[in-house]
Amino acid sequence: MFTMSITSKIKTELFSGWTRFEIIWISCFLSIQIAIFAVQPDSILATVAAITGILCVIFVSKGKISNYIFGFISVTCYAYISYTFKLYGEMMLNLLVYVPVQFIGFYMWRKHMHTKNVAHKIEYDEVLAKALTLKQWGIVIAASAIGTFAYTQLLHNLGSALPALDGVTVVLSIVAQILMILRYREQWALWIIVNLLTISLWTAMWIKNGETSLPLLVMYIMYLWNSIYGYHNWARMVKTQQHT
């Protein structure tokens, strides 16, 4: 009986609450990554990082707590890949921040899940979302600016391949991750910026060294589109949940 209950909960978490559009969205994203690996099977680790990363961000956009399971797999693989490309900022971000954050985020979200008044009116566990005040926005901007300056100097001293771009991407990612753990919809505004910067980062590696990780570059392009949808969905979550 206990095993059946756990199985039922896992099934509900993974497969319930999706709209037709979202099912097509996920299918297209995963199919593209599989096609890239079929054409250029040079890194199975990058493909694993990309596929689990895509599942992670899509599950975040739905407010599903299982995103942290996919996230743990993705950031662990991504940290090693970043190290091989000498993107030390990205490596440290994923290994020292994102890996432990998966456990912290799971714990924080677990206390704030509900099934009533969800955004799409389909019964499933959805996290309670919040919105930043104007004062909180000021704090976010100030912390991002100070953190970027300090971390860029550190990366320059460490010999990072692209310290300025690497630095701002890492700091904004950390701030966005904190907003995600605290369940603020504005995380998505920062994720949009982060994804644009990370696309530039991997493209710059291609231009500078003549090589890059194609699965990860495409993954971040997909992340960008998902961030736009994520902001839209979380704005709807905040509005809908206020009527609970």
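As the structure is a prediction and not an experimental result, all values here were calculated from the model.

## Brief notes about the UniProt feature "transmembrane region" (unreviewed entry) in the protein
Working step 1: According to UniProt, the positions carrying the feature "transmembrane region" (unreviewed entry) are residues 21-38, 44-61, 68-85, 91-109, 137-155, 161-181, 188-207 and 213-231.
Working step 2: In residues 68-85, the share of helix is 94% and the share of strand is 0%. The end C-alpha atoms are 25 Å apart.
Working step 3: Here residues 161-181 is 90% helix and 0% strand, with 30 Å between the C-alpha atoms at its ends.

## Observations regarding helix α4 (residues 67-84)
Working step 1: For α4, which comprises 18 residues, the first-to-last C-alpha distance of 26 Å matches the rise-based estimate of 26 Å (1.5 Å per residue) to within 8%.
Working step 2: Of the residues one or two after α4, Lys-86 is the one with positive phi, at around 60 degrees.

## Description of a nonpolar patch on the surface
Working step 1: There is a patch of nonpolar side chains on the surface, built from Ile-44, Leu-45, Val-48, Ile-69, Phe-72, Ile-73, Tyr-80, Tyr-83 and Phe-103 and spanning about 880 Å² of accessible area.
Working step 2: Only α3 (44-61) and α4 provide two or more residues apiece to the nonpolar patch.
Working step 3: Residue contributions to the nonpolar patch peak at five residues, all from α4.
Working step 4: Along the polypeptide, Leu-45 turns up in helix α3.

The rules behind each value
Residues numbered from 1 in each chain as written. Predicted model: local features only at pLDDT ≥ 70, side-chain atom pairs only at ≥ 80, totals over all residues. Heavy atoms only, no water. UniProt positions renumbered as here; feature names shortened; annotations may be inferred. Helix = DSSP H or I, 4+ residues; strand = E, 2+ residues; numbered from the N terminus. Expected span 1.5 Å × (residues − 1). Patch = residues over 30% accessible without salt bridge, like charges linked within 9 Å, V, L, I, M, F, W, Y side chains within 5 Å. Areas by Shrake-Rupley, 256 points an atom, 1.4 Å probe, with all protein chains shown as cover. Salt bridge = Lys/Arg side-chain N within 4 Å of Asp/Glu carboxyl O.

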